[in-house]
Amino acid sequence: MKYLIVGLGNIGPEYHETRHNIGFMVVDALAKLNNTPFVSGRYGSTASFSIKGQQLLLLKPSTFMNLSGLAVRYWMQEEKIPLENVLIVVDDLSLPFGTLRLKGKGSDAGHNGLKHIAATLGTQDYARLRFGIGNEFPRGGQVDFVLGHFTNEDWKTMDERLETAGEIIKSFCLAGINITMNQFNKK
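Residues numbered from 1 in each chain as written. Predicted model: local features only at pLDDT ≥ 70, side-chain atom pairs only at ≥ 80, totals over all residues. Heavy atoms only, no water.

- For the protein, an unreviewed UniProt entry supplies the name Peptidyl-tRNA hydrolase and the organism Bacteroides nordii CL02T12C05.
- According to its UniProt record, the protein has this under Catalytic activity (unreviewed entry): "an N-acyl-L-alpha-aminoacyl-tRNA + H2O = an N-acyl-L-amino acid + a tRNA + H(+)".
- Per UniProt, the protein carries the Subcellular location (unreviewed entry) text "Cytoplasm". (UniProt positions renumbered as here; feature names shortened; annotations may be inferred.)

**Some details on the UniProt feature "binding site: tRNA" (unreviewed entry) in the protein**
Next up, step 1: When the UniProt feature table is mapped to this numbering, "binding site: tRNA" (unreviewed entry) covers Tyr-15, Phe-64, Asn-66 and Asn-112. Restricting the annotated residues just mentioned to those that line the largest pocket leaves Tyr-15, Asn-66 and Asn-112.
Next up, step 2: Relative to the helices and strands, Phe-64 is located in the loop between β4 (54-61) and α2 (68-79).
Next up, step 3: Non-local contacts of Phe-64, meaning those with residues more than four positions away in its chain, are made with Gly-9, Asn-10, Ile-11 and Tyr-15.
Next up, step 4: According to the relative accessible area criterion, Asn-66 is partly exposed, its value standing at 45%. (1 Å grid on protein atoms, 1.4 Å probe; cavity = no way out; pocket = protein on both sides within 12 Å on 5 of 7 lines; lining within 4 Å. Helix = DSSP H or I, 4+ residues; strand = E, 2+ residues; numbered from the N terminus. Contact = heavy atoms within 4.5 Å. Buried < 20%, exposed > 50% of the residue type's maximum accessible area, 1.4 Å probe, protein only.)

**A short note on the nonpolar core**
Next up, step 1: Ranked by size, the top nonpolar core spans 33 residues in total, and within it Ile-5, Ile-22, Val-26, Leu-58, Leu-87, Leu-129 and Ile-169 carry the most contacts.
Next up, step 2: Here the element with the most residues in this core is helix α5 (residues 152-175); it accounts for seven residues.
Next up, step 3: With near-sequence residues (within four places) excluded, Ile-5 lies in contact with Val-27, Leu-56, Leu-57, Leu-58, Leu-59, Leu-87, Val-89, Ile-169 and Cys-173.
Next up, step 4: Of all hydrophobic cores here, the second largest spans 19 residues; its members include Leu-57, Trp-75, Ile-88 and Ala-118. (Core = buried A, V, L, I, M, F, W, Y, C linked by side-chain atoms within 4.5 Å.)

**Focus: the packing of aromatic side chains**
Next up, step 1: This structure, assessed with the given rule, holds eight aromatic pairs.
Next up, step 2: Taken together, Phe-97, Phe-131, Phe-150 and Trp-155 form an aromatic cluster joined through their ring pairs.
Next up, step 3: In this structure, Lys-60 packs its charged tip against the face of Phe-24, placed 5.7 Å from the ring centre.
Next up, step 4: Above the ring of Tyr-126, the side-chain terminus of Arg-128 is found at 4.2 Å from the ring centroid. (Phe/Tyr/Trp six-rings, centres within 6.5 Å; stacked < 30°, edge-to-face > 60°. Lys NZ or Arg CZ within 6 Å of the ring centre and 35° of its normal.)

**Examining the pattern of salt bridges**
Next up, step 1: What the rule picks out here adds up to six salt bridges.
Next up, step 2: Taking the shortest distance from any N to any O, the salt bridge between Glu-153 and Lys-156 comes out at 3.1 Å. Placement of both Glu-153 and Lys-156 in helix α5 is noted, with a separation of three residues, approximately one turn of the helix. We note that Glu-153, like Lys-156, is exposed. (Salt bridge = Lys/Arg side-chain N within 4 Å of Asp/Glu carboxyl O.)

**Concerning the layout of surface pockets**
Next up, step 1: Here the largest pocket defines a volume of roughly 510 Å³.
Next up, step 2: The wall of the largest pocket is formed by 26 residues, among which Leu-93, Gly-110, His-111, Asn-112 and Gln-142 lie closest to the centre.
Next up, step 3: The set of elements that each furnish at least two residues to the lining of the largest pocket consists of β5 (86-92), α3 (112-121), β7 (127-132) and α4 (142-146). (Points joined across faces, edges and corners; volume = space filled by probe spheres on them.)

**Some points on α5**
The periodicity of an α-helix, 3.6 residues per turn, causes residues three or four places apart in sequence to face the same way.
Next up, step 1: For α5, spanning 24 residues, the distance from its first C-alpha to its last is 35 Å, which sits close to the expected 34 Å at 1.5 Å a residue.
Next up, step 2: Of all the bends in α5, the largest measures some 50° and sits at Met-158.
Next up, step 3: Looking one or two residues beyond α5, the residue adopting positive phi is Gly-176, at roughly 95°. (Expected span 1.5 Å × (residues − 1). Bend = angle between axes of the 7 residues up to and from the residue.)

Shown next as structure tokens:
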């Protein structure tokens, strides 16, 4: 069975390790843990590895956040991966930093990456792992906050949070979404 795990983010050094790129950071950590390098390809960079017979294809779209759906659709079709085996890893302003929530479907909550994926796929019924980035910004400061860097306080727990995100992704592929939500969404 194949799974497509998409970490949302923007390419380029100016976006490296910004809050909006937490999706890239999650799949980077998972690839590193499994000693698999990313290779540049059409619409993004991919890395793949297997766990217990399941094939995971990690994707970092090169389309920029607002056109993420193009990369998701291309790799789903290219690798013949059904929608139920797709997981999008995304930053979420409505959750405190480091909070992880797995959902089987839902709204885009104003996130342009999710908005474009839903428009491109014609549905919002795809799994997403929301990684909380907090919302400590003044009125009108959302863009600067999202494109800003994590605080020193955030970095103190970052490795542990990235590791937990990786565990959620592996559980999604091995145990399914319902068991994984029951196990991890309470934490």
